[in-house]
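A look at the structure
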Amino acid sequence: MPFGQAMACAFCYGAKDGKSTEHMAVAIWFLFGAVLSVMGGIGAFSFSVWRHGRMPLEPHQELGEEDLDKYE
């Protein structure tokens, strides 16, 4: 048996039942969930900003052109 093969892990050999293969699968799913949760948060924040930007102003917040004439 060559020395390089003795140092290889079960994942490198493609062993489906190895413990390192199972741990690697769990780590991949965890990171996939983390990425999706961050992207979901960005999407929810963007939707919230978009929805808030489409709301009309309250009457006390509106400023008409006639109100600006006295300051010119």
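Residues numbered from 1 in each chain as written. Predicted model: local features only at pLDDT ≥ 70, side-chain atom pairs only at ≥ 80, totals over all residues. Heavy atoms only, no water.

What about the overall build of the protein chain?
Defined as follows: Elements are defined by DSSP. Helices are runs of H or I of four residues or more, strands are runs of E of two residues or more, and each kind is numbered from the N terminus. Under the scheme applied here, a residue whose accessible area is under 20% of the maximum for its type counts as buried, over 50% as exposed, and between as partly exposed, the area being computed with a 1.4 Å probe on protein chains only.
Check the secondary structure of the protein chain and you find 4 helices and 0 strands. The order of α-helices and β-strands along the protein chain, N terminus first, is α-α-α-α. In the protein chain, buried positions account for 3% of the 72 residues.

A few points about the confidence of the model for the protein chain
Using the following cut-off: pLDDT: the predictor's confidence for each residue, scored from 0 to 100.
With 65% of its residues at a pLDDT of 70 or more, the protein chain has an overall mean of 80. The least confident element of the protein chain is helix α1 (residues 3–6), whose mean pLDDT is 56; the most confident is helix α3 (residues 19–53), at 93.

Brief notes about a nonpolar patch on the surface
For the record, the criterion: In this analysis, a patch consists of residues with relative accessible area above 30% that form no salt bridge, clustered at 9 Å for like charges and at 5 Å for the nonpolar side chains Val, Leu, Ile, Met, Phe, Trp and Tyr. Accessible surface is estimated by sampling points in the Shrake-Rupley manner with a 1.4 Å probe; for residues, cover comes only from the protein chains shown. Salt bridge, as used here, is a side-chain nitrogen of Lys or Arg placed within 4 Å of a carboxyl oxygen of Asp or Glu.
Taken together, the side chains of W29, F32, V35, L36 and M39 define a hydrophobic patch exposed on the protein surface, amounting to about 570 Å² of accessible area. Along the chain, W29 turns up in helix α3. By relative accessible area, which is 62% here, W29 ends up exposed.

Brief notes about the packing of aromatic side chains
Which entries qualify depends on this criterion: Only Phe, Tyr and Trp rings take part, Trp by its six-membered ring, and two of them pair if their centres are within 6.5 Å. Stacked means planes under 30 degrees apart, edge-to-face means over 60, and tilted covers everything else.
A full pass over the atoms with the stated rule returns 2 aromatic pairs. With centroids separated by 5.8 Å and ring planes inclined at 85°, the aromatic side chains of W29 and F32 adopt a geometry described as edge-to-face. Residue W29 and its partner F32 are located together in helix α3, separated by 3 residues, close to a single helical turn. With centroids separated by 5.7 Å and ring planes inclined at 35°, the aromatic side chains of F47 and W50 adopt a geometry described as tilted. Of this pair, F47 and W50 both sit in helix α3, 3 residues apart, roughly one helical turn. Classification of F47 by relative accessible area gives partly exposed; the value is 46%.

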